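Examining the three-dimensional arrangement
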Amino acid sequence: MRVNTACLTFDTDMNAPFHTVATPRQCVRDYDLACHDGTDWVTVASVKGNYQRRRMHRFDAVSTTRMRLTVHATNGDSSARVFEIRAYDEE
């Protein structure tokens, strides 16, 4: 499969009755997104300091059958929560 765009959705505790904290603790803060090119993992995005619920990454097209998200840190919670990762081949 050929991909050049990935959309990630993280948990920002939208079920909380009041959003009193600007950056929810469980939101993924630092991460790497990689695609396997058949031989090795190729990092297509590295992010530090994220606080957003939805992140879209556009990169040079790669042929892959696997993607890997490596979470290095959250904004304070002991576990990271990822709702979805979608991959596309956009023009």
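Just above sits the structure.
This section reports on the structure supplied with the text. All values reported here derive from a predicted model rather than from experimental measurement.

Quick notes on the pairing of strand 2 (residues 28–36)
Judged by how many residues are buried, strand 2 sits mostly within the fold: seven of nine residues are covered. Two elements, strand 2 and strand 5 (residues 67–74), share seven bridges in a ladder whose sense is antiparallel. Bridging across to strand 5, aspartate 30 finds its partner in alanine 73. Of the pairings in the sheet, the one linking strand 2 to strand 3 (residues 41–47) comprises six bridges and is antiparallel in character. Across the sheet, residue tyrosine 31 finds its bridge partner in strand 3, namely valine 47. The turn linking strand 2 back onto strand 3 is made up of four residues, and glycine 38 within it adopts a positive phi angle of 105 degrees.

Some thoughts on the environment of aspartate 77
Residue position: aspartate 77 is located in the loop between strand 5 and strand 6 (82–88). Judged by its relative accessible area of 25%, aspartate 77 falls in the partly exposed class. Those residues in contact with aspartate 77 that sit more than four places away from it in its chain are Arg25 and Gln26.

A few points about the pattern of salt bridges
Across all of its chains, the model carries five salt bridges by this definition. Between glutamate 90 and arginine 58 there is a salt bridge, with the nearest N and O atoms lying 3.7 Å from each other. Here glutamate 90, found in the segment after strand 6, pairs with arginine 58, found in strand 4 (residues 54–63); they are 32 residues apart in sequence, far enough to count as distant. Of the residues examined, glutamate 90 reaches a relative accessible area of 32% and is grouped as partly exposed.

Let's talk about the nonpolar core
By size, the foremost hydrophobic cluster in this structure holds 14 residues, and its most contacted members are Leu8, Phe10, Tyr31, Leu33 and Phe59. Beyond its immediate sequence surroundings of up to four residues, phenylalanine 59 is in contact with Val3, Asn4, Thr5, Ala6 and Val44.

Digging into the environment of alanine 34
Mapping alanine 34 onto the fold places it in strand 2. Overall, alanine 34 belongs to the buried group, its relative accessible area being 5%. Separated by 30 residues in the primary sequence, alanine 34 and threonine 64 have C-alpha atoms spaced 10.0 Å apart. The contact partners of alanine 34, leaving out residues within four places of it in the chain, are Trp41, Val42, Thr43, Val44, Arg66, Met67 and Arg68.

A few points about a nonpolar patch on the surface
Together, Val71, Val82 and Ile85 line one region of the surface with nonpolar side chains, adding up to about 190 Å² of accessible area. Relative accessible area serves as the criterion here: at 31%, valine 71 is assigned to the partly exposed category.

What counts as what
Residues numbered from 1 in each chain as written. Predicted model: local features only at pLDDT ≥ 70, side-chain atom pairs only at ≥ 80, totals over all residues. Heavy atoms only, no water. Buried < 20%, exposed > 50% of the residue type's maximum accessible area, 1.4 Å probe, protein only. Helix = DSSP H or I, 4+ residues; strand = E, 2+ residues; numbered from the N terminus. Pairing = 2+ DSSP bridges. Contact = heavy atoms within 4.5 Å. Salt bridge = Lys/Arg side-chain N within 4 Å of Asp/Glu carboxyl O. Core = buried A, V, L, I, M, F, W, Y, C linked by side-chain atoms within 4.5 Å. Patch = residues over 30% accessible without salt bridge, like charges linked within 9 Å, V, L, I, M, F, W, Y side chains within 5 Å. Areas by Shrake-Rupley, 256 points an atom, 1.4 Å probe, with all protein chains shown as cover.

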